[in-house]
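Each chain, letter by letter, is given below.
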Amino acid sequence: MSAKNTAVIGLQFGDEGKGKLIDILAESHDVSVRYQGGNNAGHTVCVNNEKHVFHLLPSGVLYQDKQCVLGNGMVVNPVAFLEEIANLPKNHAKIFLSDRANVLLPKHIDADKKKEQTKKIGTTQKGIGPCYTDKISRDGVRFCDYWSEDFEWDVFEKIKPYVCDTRALLQDALDKNKKILFEGAQATLLDVDHGTYPFVTSSSTSIGGLYTGTGVRPKDLKVIGVAKAYTTRVGEGPFPTELNDAIGKSMREIGQEFGATTGRPRRCGWFDAVVVKYACEVNGADEIALTKLDVLTELKEIAICTKYYRPNPFIADSEIINHIPSSAAALEECVPQYIYLQGWNTDISKIKKFSDLPRTAKEYVSVVESLIGVPITYVGVGTGREQMVRKANNHKIKK
Ligand code: IMP
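Residues numbered from 1 in each chain as written. Predicted model: local features only at pLDDT ≥ 70, side-chain atom pairs only at ≥ 80, totals over all residues. Heavy atoms only, no water.

Trainee: Break down the state of the cysteines for me, citing the residues and quoting the values.
Mentor: Taken as a whole, this structure holds zero disulfides when the rule is applied. For Cys-280, which is in no disulfide, the shortest distance to another cysteine sulfur is to Cys-305 and amounts to 15 Å. Of the residues examined, Cys-280 reaches a relative accessible area of 5% and is grouped as buried. Left without a disulfide partner, Cys-334 is nearest to the cysteine sulfur of Cys-305, which lies 9.0 Å away. (Disulfide = S-S within 2.5 Å. Buried < 20%, exposed > 50% of the residue type's maximum accessible area, 1.4 Å probe, protein only.)

Following this line, the structure appears as structure tokens:
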């Protein structure tokens, strides 16, 4: 029997295509929830050739008979929130904003921009870090106290109808056996604890953030990790499999790898099984959705990183490791060790059944699955809602 509730979490450095999977899954859930981050996220959903990008709202918002929740773990810019609602198609889900979420104010954006001039993280400059800093140091303003802040009353008046105790709402939904979809933003390697600190975002992007960011504990929960068939990263920080060559450039162009929030070109590179295995462990992922396989079409040979060669200053020899070192500086020094697989040169974007993929594409998916040890149940072959091939979960994983 399939689980009642689902969490979708990024397994790399963000932009894995979570929005599309969430949009697909939202149809079979009653409530969609964001639980961390703010409008630094950019989740893209393509329906009937129309592109929608959501920064704050859960990607399930396009279903009119559903509920959408922005949980207490989020930092919410009220002006951006209202703007996003104003741009929605007429029929959309009912939206609820947690009264315990922190209000992201103009001073946070100013502080973010100022700090970027000296400590370069490559943030989205949306004020996320400074707003979380105020939250943790107990200087923040929450929506339940928003009226006490010295600011524009018209914004407050417009926000008021959306604000409620979303923890109680979610608990009630669980008690009534409704199905909840939890939508992670950013990704595990950008987690403030488990990511490549300090080149991370300021929230808990992995599974722990779901609990603190909603105040409920869904007992029957399936965790689907999302990974791209290659890797991208935007902003600064270590990226062992980065390609600064023609292949990286073609991945960027074919995969349209430009930030949905900032428009910045994303850094591109080969699939890193060390990163994805680590992220699956951190989140206890039950399944993987492997997205954007079509972007690799026409590459003669495709590399997968399976371990790192790590220079070790304390021993004469260097070592081979298959885990993520805690220090970003140490990860920066790691040299990826690759295996090489044969590519395919037929268009896979219209394929509906996994068995119809070219032999070498199936082989690629199966090798990734074996390296990670978690079943791949979705394979993305294009940007559209319908371009997500289901793959049976009964695959015997080779260890
Ligand atoms: P911040 O979240 O704006 O503070 O940025 C911190 C780091 O996280 C930067 O490297 C950003 O590029 C990255 N980041 C934040 N949000 C996203 C996202 O939604 N996708 C990918 N990277 C992100």
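Trainee: So what's going on with the pairing of strand β15 (residues 287–291)? Which residues, and what values?
Mentor: Buried residues dominate β15, accounting for five of its five residues. Side chains of β15 alternate between two faces, with Glu-287, Ala-289 and Thr-291 and Ile-288 and Leu-290 buried alike. Bridge analysis of strand β11 (residues 221–228) against β15 gives five bridges, and the strand direction is parallel. Residue pairing across strands places Ile-224 opposite Glu-287, the latter belonging to β15. The pairing of β15 with strand β19 (residues 376–380) spans three bridges and is classified as parallel. Within β19, the position partnered with Ile-288 by the bridge is Ile-376. (Helix = DSSP H or I, 4+ residues; strand = E, 2+ residues; numbered from the N terminus. Pairing = 2+ DSSP bridges.)

Trainee: A description of the nonpolar core should follow, citing residues and the corresponding values.
Mentor: In terms of nonpolar packing, the biggest core is built from 51 residues, with Phe-271, Val-276, Leu-293, Leu-296, Tyr-308, Tyr-364 and Ile-372 touching the most fellow members. For this core, the secondary structure elements donating two or more residues are α9 (273–283), β15, β16 (301–310), α11 (359–372) and β19. If you tally residues by element for this core, the top one is α9, at seven residues. Leave out the neighbours within four places in its chain, and Val-276 touches Leu-11, Gln-12, Ala-227, Phe-271, Ile-288 and Ile-372. (Core = buried A, V, L, I, M, F, W, Y, C linked by side-chain atoms within 4.5 Å. Contact = heavy atoms within 4.5 Å.)

Trainee: Let's hear about the site of the ligand: which residues, and what values?
Mentor: Close to the ligand lie 16 residues, the nearest being Asn-40, Thr-124, Thr-201, Val-234 and Arg-264. Between the ligand and the protein, one listed contact pairs a nitrogen atom with a side-chain N or O atom of Asp-15 at 3.1 Å. Interatomic distance of 3.0 Å between a backbone N/O atom of Val-234 and an oxygen atom of the ligand. Burial of the ligand by the protein amounts to 97% of the accessible area it has alone, namely 480 Å². A class-by-class count of the residues in the shell around the ligand yields six nonpolar, eight polar and two charged. (Near = heavy atom within 4 Å. Polar contact = N/O pair within 3.5 Å; in protein donor to acceptor, adjacent residues only side chain to side chain. Areas by Shrake-Rupley, 256 points an atom, 1.4 Å probe, with all protein chains shown as cover. Nonpolar A, V, L, I, M, F, W, Y, C, P; charged D, E, K, R; others polar.)

Trainee: Please set out the environment of Gly-269 residue by residue, giving values where relevant.
Mentor: Note on placement: Gly-269 falls in strand β13 (residues 267–269). Residues Gly-269 and Ala-303 lie 34 residues apart in sequence; the distance between their C-alpha atoms is 9.5 Å. With residues near it in sequence (within four places) discarded, Gly-269 still touches Tyr-230, Thr-231, Phe-239, Thr-241, Glu-242, Leu-243 and Met-251.

Trainee: Which residues make up the pattern of salt bridges, and what values do they have?
Mentor: It is possible for side chains bearing opposite charge to pair when their charged atoms get close. Taken as a whole and assessed by the stated rule, the structure comprises 16 salt bridges. For Glu-157, the salt bridge identified is with Lys-160, shortest N-O distance 3.6 Å. Between Lys-277 and Glu-281 there is a salt bridge; the shortest N-O distance is 3.3 Å. Of the two residues, Lys-277 and Glu-281 both sit in helix α9, four residues apart, roughly one turn of that helix. Its relative accessible area of 33% is what places Lys-277 among the partly exposed residues. Residues joined by salt bridges that share partners form a network here, namely Asp-15, Lys-228, Glu-257, Arg-266 and Lys-292. (Salt bridge = Lys/Arg side-chain N within 4 Å of Asp/Glu carboxyl O.)

Trainee: Just give me the short version of the sheet that holds β11, but keep the residues and values in it.
Mentor: Sheet strands line up and pair through hydrogen bonds in the backbone, either parallel or antiparallel. If you trace the 10 strands from one edge of the open sheet to the other, you get β9-β7-β5-β2-β10-β1-β11-β15-β19-β20, paired in mixed fashion. Strands at the two margins of the open sheet, each flanked by one partner only, are β9 (163–164) and β20 (388–390). Where strand β2 (residues 31–34) and strand β5 (residues 67–70) come together, four bridges link them in parallel fashion. Among the inter-strand pairings, Arg-34 is bridged to a residue of β5, identified as Leu-70. In the packing of α11 onto the sheet, contacts are made with β15 and β19, and the angle to β19 comes to roughly 140°. (Axes fitted to C-alpha atoms, helices over the stretch in contact; angles between N-to-C directions.)

Trainee: A description of the pairing of strand β3 (residues 43–47) should follow, citing residues and the corresponding values.
Mentor: In terms of residue burial, β3 counts as a mostly covered element, since four of its five residues are buried. In the sheet, β3 pairs with strand β4 (residues 50–54) via five bridges, with the strands oriented antiparallel. Counted as the bridge partner of Thr-44 is Val-53 from β4. Following β3, the chain reverses through two residues before pairing antiparallel with β4; Asn-48 in that reversal takes a positive phi of roughly 45°.

Trainee: Can you lay out helix α2 (residues 78–86) for me, pointing to particular residues and giving the numbers?
Mentor: Among the residues making up α2, those that are buried are Pro-78, Ala-80, Phe-81, Leu-82, Glu-84 and Ile-85. Turning to α2, the residues buried within the fold contact β4, β5, β6 (75–76), β7 (94–98), β8 (102–103) and α5 (153–159). Capping the start of α2, Asn-77 holds a side-chain oxygen 3.0 Å from the backbone nitrogen of Val-79, two or three residues further along.

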